[in-house]
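# Chains, contacts and geometry: an overview
Each chain, letter by letter, is given below.
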Amino acid sequence: MAKNIVIEPITRIEGHGKITIVVDDDGSVSDARFHVTQFRGFEKFCEGRPFYEMPSLTQRICGICPIIHSIASATACDSILGVRIPDTALKLRRLLNCGQLIQSHALSFFHLSAPDLVLGLDSDPAKRNILGLLEAHPDLAMDGINLRKIGQEIIQAVAGKRIHPTWVVPGGVSSPLTEETRKFILALLPQALEITRKTLTWFKASLENHREEIRTFANFPTLFMALVNKEGNLEHIDGTLRLIDYKGNVVVENVDPAHYQLYIGEAPEPWSYLKSPFYKPLGYPEGIYRVGPAARLNVCGGCGTPLADQEWAEFRELDRGPVLSSFHNHYARLIEILYAIETIESLLNEPYILNARVRVFAQPNYNEGVGVVEAPRGTLFHHYRVDDKGLIRWANFIVATGNNNLAMSRGVLQVAKRFINGDTISEGALNRVEAVVRAFDPCLSCSTHALGRLPLRIELVARDGTVLHEIA
Amino acid sequence: MKEPTSLTGKKLGNDANPARIFTMTIDNRLLTAREDETVLSVARQNGIYIPTLCHMEGLSLRGACRLCIVDVKGAPRVLPSCVTLARQDMEVVTNSDRVIEYRRKILELIFSERNHVCSVCVSNGHCDLQALATELGMTHVRYDYLYPKQLVDASHPRFSVDHNRCVLCMRCVRVCDEIEGAHTWDIMGRGITSRVITDLNQPWGSSETCTGCGKCVQVCPTGALSEKGKSVAEMTKRRQFLPYLQMMRGEGRK
Ligand code: SF4
Ligand code: SF4
Ligand code: FES
């Protein structure tokens, strides 16, 4: 009889997730799914609210990457207002987002994933966290803590608050940058750069040890999607969409974010609250695509900053076409941190960055607005319809983790097939299943379990749903 | 138009009709008070703090929120200090355990009646209600939230009203009536179903009496009334104009 193995909750990812693995009679894995079991109904409770509350309201979707939600939302609001925000405002939003990239990627890499990477997936789970890392490799752990702190300090300096600032507003940002802040941030950058370069060197040297994971962590052909800027380079907050196939051919590009629905469909799944987006022309589920740090580096034609470009070129050497293994999201994150540091520096040295004109005021002039940005974890869509008075009538969000939904399930299946056989599974195998999910760094909601380890519940369930065996 | 601050009904303070002076204690301090002064006003003049929400200097007295309650010796119940006149030999305690506990309860009930989500509110950080919650040490609400379905009226070109955040203090009603003289605002319904309305319960934008002066927005203690174009936490209110306006109106009437 086929059995389901359920792993929940997954530790060290943000939010609530669950994995079900269906095991057939002969002990082989036949199916695997990644579920999101928590429903928060944001789309519903935004209805009736004034559009200008959205940047703050939607930030609450996540406590790890609130900034990018506020930028996506404000971008959608900009188009409801029908304005072009001042150049300085756009640059300041970008500056803020770079702080967020550093902060979020550092959290993902050092706090959540490094324990697996350094201590090994078969090590004692009680120690496999940032505290264990601090014991075993204090240097690395401290680097991570410091780098994340720098990201947070940048956010706080620019926007006035670490978490959930209200500085990004429809029409721009609420206050200009001061010379004092500019100097403060510039002074933080050398340390950030040093940590990042050191970590990159170490990580690249250690890739050898992870050959097995690289081979099996969601290493399969899919499409990749990301924003790119006018030059076709890496872009996070103001670009057009580009999709490439697994060979690296451009499938479609220059897609105006406002027209995303022509290309992206969303399939609801009975087993998860997360909708499964797919590339429409290929249909469901063939239109499976991936987003995120590695996808961005696959899709873009370069980073546009000197140091990150060097690393990018090296990264792209990993595979002949796009880098297929999702394991390399870790690698891509480090490169993006580098990009963020370089970008911050060049932004702060722009002539008009201290300009006082950072906001446009207008009444709502359009009834619909779309904001598409690259969140740390991948492409993020905010889409609103408002009535003539500016009250939200309808809202749709596709979050980064949603974009990866199909790929994540397939990734779990791939790794489960390789590491699980029969209805007993080793701790190491379970961890690998979890780790593959973590490689996507899913951000499911706003709670984080960065420290410690939650009790892992494993259920063996028959296809009809009866629990055969439970390990607590 | 009502004389905004007098509870006694007579014109006091002239030679023909001098105000009597009382002695009383507040928190054991021996104080003097004019007969037309409220306990709140005596306390404030002497630097004794009593929390208030609906009360506003320059508007008529209302006693809507009951946050200003105090214990008065000999009185069978706590009394709202903003509408209680001073008396000879009155003994007032502003911070007895009972008063503190009741204030907390009243505040919690106010929060539980509507939907206050401060984090996305235009008034976050500049809100009288929120400040009171901090001041009175309200860490949680012991009552079940009612989660009423309340709407936002954004029909006015410059302002909007979000009933989710209204505490029914009637400051808007009073300022519009007493200072602006338009009487656009009123209260409809009873008890828990009460809510503020404009004109004959029609969208604010279609009100014929509203002059668009914005006084109601400025005096509203919460994020219920706000200016359009303000984002979250940006709605700071300017109320300095009130005493001057009030004074000038008084001058004009002479
Ligand atoms: S009106 Fe005040 S208490 Fe109510 S949500 Fe707004 S800030 Fe919070
Ligand atoms: S709208 Fe504001 S001023 Fe008017 S009653 Fe409600 S809280 Fe008070
Ligand atoms: S302030 Fe006295 S009742 Fe509101």
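Here the structure is a predicted model, which is why all the values come from computation and not from measurement. (Residues numbered from 1 in each chain as written. Chains lettered and ligands numbered in written order. Predicted model: local features only at pLDDT ≥ 70, side-chain atom pairs only at ≥ 80, totals over all residues. Heavy atoms only, no water.)

### Describing the overall build of chain B
For chain B, the helix and strand inventory stands at 6 helices and 10 strands. For 254 residues, the compact-globule estimate of 2.2 N^0.38 gives 18 Å, and the C-alpha radius of gyration of chain B, at 19 Å, lies within 12% of that figure. Along the first, second and third principal axes, the C-alpha atoms of chain B reach 50 × 50 × 30 Å. Looking at chain B as a whole, 51% of its 254 residues are labelled buried. Across chain B, the fraction of contacts at a sequence separation of at least 24, relative to all contacts at a separation of at least 6, is 62%. (Helix = DSSP H or I, 4+ residues; strand = E, 2+ residues; numbered from the N terminus. Rg over C-alpha atoms; globule rule 2.2 N^0.38 Å. Buried < 20%, exposed > 50% of the residue type's maximum accessible area, 1.4 Å probe, protein only. Contact = heavy atoms within 4.5 Å.)

### Brief notes about the overall build of chain A
When helices and strands are tallied, chain A shows 14 helices and 16 strands. Put simply, chain A has 472 residues, and 62% of those count as buried. Sequence separation of 24 or more characterises 70% of the internal contacts of chain A that already satisfy a separation of 6 or more.

### A short note on the sheet that holds strand β5 (residues 91-93) of chain B
All names here are of chain B. Spatially, 5 strands are ordered β2-β1-β5-β3-β4 in an open sheet, and the strand pairing comes out mixed. Each edge of the open sheet is held by one strand with a lone partner, namely β2 (29-34) and β4 (79-80). As paired strands, strand β3 (residues 69-72) and β5 are joined by 2 bridges and run antiparallel to one another. Looking across to β5, one finds that V72 is bridged to V92. (Pairing = 2+ DSSP bridges.)

### Some remarks on the state of the cysteines
Going through the model one piece at a time under the given rule, you end up with 0 disulfides over all chains. Looking at the unpaired C46(A), the closest cysteine sulfur is the one in C77(A), lying at 10 Å. (Disulfide = S-S within 2.5 Å.)

### A few points about the packing of helix α7 (residues 179-206) of chain A against helix α11 (residues 329-348) of chain A
Residue and element names in this part refer to chain A. Running from N to C, α7 and α11 cross one another at 155 degrees; their axes reach a closest spacing of 9 Å. Between α7 and α11, the angle is such that the two are roughly antiparallel. For the element pair α7 and α11, the recorded crossing hand is left-handed. The residues of α11 that touch α7, namely those facing R182, I185, L186, L189, A192, L193, T196, R197, T199, L200, F203 and K204, are H330, Y331, L334, I335, I337, L338, I341, I344, E345 and L348. Split by residue class, the contact of α7 with α11 holds 15 nonpolar, 3 polar and 4 charged. (Axes fitted to C-alpha atoms, helices over the stretch in contact; angles between N-to-C directions. Parallel < 35°, antiparallel > 145°, perpendicular 65-115°, else oblique. Left-handed = near helix turned anticlockwise from the far one by under 90°. Nonpolar A, V, L, I, M, F, W, Y, C, P; charged D, E, K, R; others polar.)

### Observations regarding the interface of chain B and chain A
Of the residues lining the interface, 19 residues belong to chain B; the matching set on chain A comes to 17 residues. Taken over both partners, the interface formed by chain B and chain A buries close to 1,300 Å², and the fraction arising from carbon and sulfur atoms is 50%. When the area that chain B buries against chain A is broken down by residue, the three leading residues are V120(B), V152(B) and V232(B), summing to 32%. Linking chain B with chain A are 3 salt bridges. One salt bridge connects R165(B) with E53(A), and the closest N-O pair in it is separated by 2.7 Å. (Buried area = accessible area lost by both parts, 1.4 Å probe. Salt bridge = Lys/Arg side-chain N within 4 Å of Asp/Glu carboxyl O.)

### Focus: the nonpolar core
All names here are of chain A. Formed by 104 residues in total, the largest nonpolar core has its most connected members in I154, L297 and I344. No fewer than three residues from each of domain 1 (3-39 + 404-471) and domain 2 (42-403) sit in this core. Those residues in contact with L297 that sit more than four places away from it in its chain are L234, C303, W312, F315, R316, A332 and I335. Membership of the second largest hydrophobic core comes to 44 residues, among which are C46, F51, Y52 and L81. (Core = buried A, V, L, I, M, F, W, Y, C linked by side-chain atoms within 4.5 Å. Domains from an automatic or database assignment.)

### As for the pattern of salt bridges
Inspection of the entire model under this criterion finds 34 salt bridges over all chains. Across the pair R34(B) and D36(B) runs a salt bridge, and its minimum N-O distance is 2.8 Å. Its relative accessible area of 33% is what places R34(B) among the partly exposed residues. Taken together, the salt bridges that share partners define one network made up of R49(A), E53(A), D162(B) and R165(B).

### A few points about unusual backbone geometry
Residues Y284(A) and P285(A) are joined by a peptide bond in cis, for which omega reads 0 degrees. Looking at where P285(A) falls in the secondary structure, it is placed in the loop between β10 (272-279) and β11 (289-290). Even without a glycine there, the phi angle at Y147(B) is positive, about 45 degrees. Relative to the assigned elements, Y147(B) resides in the loop between α3 (128-135) and β6 (152-153).

### Structural notes on the site of ligand 1
All residues adjacent to ligand 1 are F111(B), H116(B), V117(B), C118(B), C121(B), N124(B), C127(B), L129(B), R165(B), T222(B) and G223(B). Across the shell around ligand 1, the residue classes tally to 6 nonpolar, 4 polar and 1 charged. (Near = heavy atom within 4 Å.)

### As for the environment of Y52(A)
Considering the arrangement of structural elements, one finds Y52(A) in the loop between α1 (42-45) and α2 (54-59). C-alpha of Y52(A) to C-alpha of G248(A): the two residues are 196 residues apart in sequence and 40 Å apart in space. For Y52(A), the residues in contact, after removing those within four places along its chain, are P170(A), V122(B), S160(B), S226(B), K230(B), S231(B) and V232(B). At 3.3 Å, the side chain of Y52(A) and the side chain of S160(B) are in polar contact. (Polar contact = N/O pair within 3.5 Å; in protein donor to acceptor, adjacent residues only side chain to side chain.)

### So, the domain arrangement of chain B
Where interface size is quoted, it is often the accessible area lost as the parts come together. All names here are of chain B. In terms of domains, chain B is made up of domain 1 (21-95) and domain 2 (109-242). For domain 1 and domain 2, the distance between their C-alpha centres works out to 26 Å. Taken together, the contacts link 15 residues of domain 1 with 19 residues of domain 2. Taken over both partners, the interface formed by domain 1 and domain 2 buries close to 1,300 Å², and the fraction arising from carbon and sulfur atoms is 68%. Of all residues in domain 1, L53, M56 and L59 bury the most surface against domain 2, accounting for 44% of the area lost on that side. Here domain 1 is connected to domain 2 by 0 salt bridges.

### Here's the deal with the environment of V93(B)
All names here are of chain B. Mapped onto the secondary structure, V93 falls in strand β5. Since its relative accessible area comes to 35%, V93 is described here as partly exposed. Separated by 45 residues in the primary sequence, V93 and I48 have C-alpha atoms spaced 11 Å apart.

### Section: helix α4 (residues 171-180) of chain B
Residue and element names in this part refer to chain B. In terms of residue burial, α4 counts as a mostly covered element, since 8 of its 10 residues are buried. Within α4 the residues assigned to the buried category are R171, C172, V173, R174, V175, C176, E178 and I179. In the segment just after α4, G181 is the residue with positive phi, at about 80 degrees.

### Considering the packing of aromatic side chains
All names here are of chain A. The tally for this structure, following the rule as stated, stands at 13 aromatic pairs over all chains. Seen in terms of ring centroids, F109 and F203 are 5.6 Å apart; in terms of plane orientation they differ by 70 degrees. Their pairing is edge-to-face. Taken together, the positions of F109 in helix α4 (residues 87-119) and F203 in helix α7 put the pair 94 residues apart, joining distant regions of the chain. An identical accessibility class is assigned to F109 and F203; each is buried. Taken together, the aromatic side chains of F109, F110, W202, F203, F315, F327 and Y331 make up a single cluster linked through ring pairs. Just above the ring of F220 sits the side chain of R290; from NZ or CZ to the centre is 4.7 Å. A cation sits over an aromatic face here: R410 above F220, 5.5 Å from the ring centre. (Phe/Tyr/Trp six-rings, centres within 6.5 Å; stacked < 30°, edge-to-face > 60°. Lys NZ or Arg CZ within 6 Å of the ring centre and 35° of its normal.)

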